[in-house]
Amino acid sequence: MVSTAGHEPITVADLRLMQDLAQRVAATWPELVNADASYGELAWNWGRGHAAEGDCWRRRLWWRGGRLVGWGWARIPYQVLRRDGVVRGVTEASLAHQVHPEHGEVVDEVIDWYEGLAAGVERTALPSAADTFGLERWTAHGFRSDPAAAGDHGGWTQLNQRELTDIEAPVLPDGFRFRSADEVGPEDVVRAHVAGWPATTYTVARYEGVRQAPGYRGDLHVLVQAPDGAMVASAVLWLDDVNRSVEFEPVGTHPGHRRRGLGRAMLLHGMRLARAAGARHATVAYLGAPGHPAARGLYYGVGFRKLSRDAPLIKSPCTAAGPEPGTEAGAGAGA
């Protein structure tokens, strides 16, 4: 096995390889695709962050027979300036990763690399809850369920899907209309996103990064314009031509315009556009905890249903790995 360990930025070429692995996993094991490792999420996170946050990223790639079979994308502690002027310090390391299910042995190598990279700080990871083998390996290395992230008000995500059949016609309130990113300028695109996510770090420069991400299409970047001309909602659609699937990421509506049907209409409109572009099914992720019911109501209301969810894990700097299951030490501890 050949691995590439680099502190250099994640390149477009890296991203394409990672998306290719995501497509291969989604084609056969869709329940194992966690929210951080989907085709569209990879593109969105890289696009909006590579210029501003790339110095805080670390990545490693694992290969077998000339094909990528695993990757790790770690974010080390950093500070970020939000649009509201608040400096947010991130003191823990976090990991997005994916390993092809036919090469499960790579999971231990991913964990070992992450442990060595982020030693001395709190570490988090987000495997799929359906990845029983992977969860066993993370547990063996001392990671445990994150009580804050996995709780009823936590930040765990649920991935949902629906077939693109029987899509009802979208209906906007009088005076509102759909636009696309191809029809408006970058400033309006950013305003549409900021409307839904007021504390975001999104800027025109970050949007230009998104436009560089493989799979981005301005005609599948949907906006809603209010009667006064303001952009008040947006959704980016990532079309996976291999699996004939489309992923909504991100989706947002201005707080002052919620509960008016804008989000519902935008999703239906986007699904119709995606179907016309060749997609057969759609996916979307949202905060799945019971304490975040609004998103569930929106997405279930247009036909999405649960596909999978992630299982947030955490390890403190002073936590040592436990004994391997089935070892003498493990048996003694339980006696």
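Residues numbered from 1 in each chain as written. Predicted model: local features only at pLDDT ≥ 70, side-chain atom pairs only at ≥ 80, totals over all residues. Heavy atoms only, no water.

Let us look at the overall build of the chain. Counting its secondary structure elements, the chain contains 10 helices and 16 strands. Evaluated residue by residue, the chain yields a buried proportion of 51% over its 335 residues. For the chain, the share of sequence-separated contacts (at least 6 apart) that also reach a separation of at least 24 residues comes to 73%. Summing over all exposed atoms, the chain offers an accessible surface of approximately 14,800 Å²; the carbon and sulfur share of this is 51%. (Helix = DSSP H or I, 4+ residues; strand = E, 2+ residues; numbered from the N terminus. Buried < 20%, exposed > 50% of the residue type's maximum accessible area, 1.4 Å probe, protein only. Contact = heavy atoms within 4.5 Å. Areas by Shrake-Rupley, 256 points an atom, 1.4 Å probe, with all protein chains shown as cover.)

Cis peptide bonds are those with omega within 30 degrees of zero, and the linkage from Glu-249 to Pro-250 qualifies with 0°. Mapped onto the elements of the fold, Pro-250 is located in strand E13 (residues 245–253). With a phi angle near 50°, Asp-166 is a residue other than glycine that sits in the positive phi range. Tracing the chain through its elements places Asp-166 in the loop between strand E9 (157–163) and strand E10 (177–180). Positioned with a positive phi, Arg-259 is a non-glycine residue whose angle comes to about 65°.

Attention shifts here to empty space enclosed by the protein. The tally for this structure, following the rule as stated, stands at 1 cavity of 30 Å³ or more. If you go around the largest cavity, the residues you meet are Trp-44, Val-189, His-193, Tyr-202, His-221, Ser-234, Val-236 and Pro-250. Within the lining of the largest cavity, the residues separate by chemical class into 5 nonpolar, 3 polar and no charged. (1 Å grid on protein atoms, 1.4 Å probe; cavity = no way out; pocket = protein on both sides within 12 Å on 5 of 7 lines; lining within 4 Å. Points joined across faces, edges and corners; volume = space filled by probe spheres on them. Nonpolar A, V, L, I, M, F, W, Y, C, P; charged D, E, K, R; others polar.)

We now examine the pattern of salt bridges. Tallying each qualifying case throughout the model produces 12 salt bridges. One salt bridge in this structure joins Asp-14 and Arg-59, with 3.1 Å as the shortest N-O distance. Here Asp-14, found in helix H1 (residues 12–28), pairs with Arg-59, found in strand E2 (residues 57–64); they are 45 residues apart in sequence, far enough to count as distant. The exposure class assigned to Asp-14 is buried, which follows from its relative accessible area of 7%. With relative accessibility at 5%, the residue Arg-59 sits in the buried group. Between Arg-179 and Glu-183 there is a salt bridge, and its shortest N-O distance comes to 3.2 Å. The structure contains a network of salt bridges with shared partners spanning Glu-115, Arg-123 and Lys-315. (Salt bridge = Lys/Arg side-chain N within 4 Å of Asp/Glu carboxyl O.)

Structural measurements only, silent on function.
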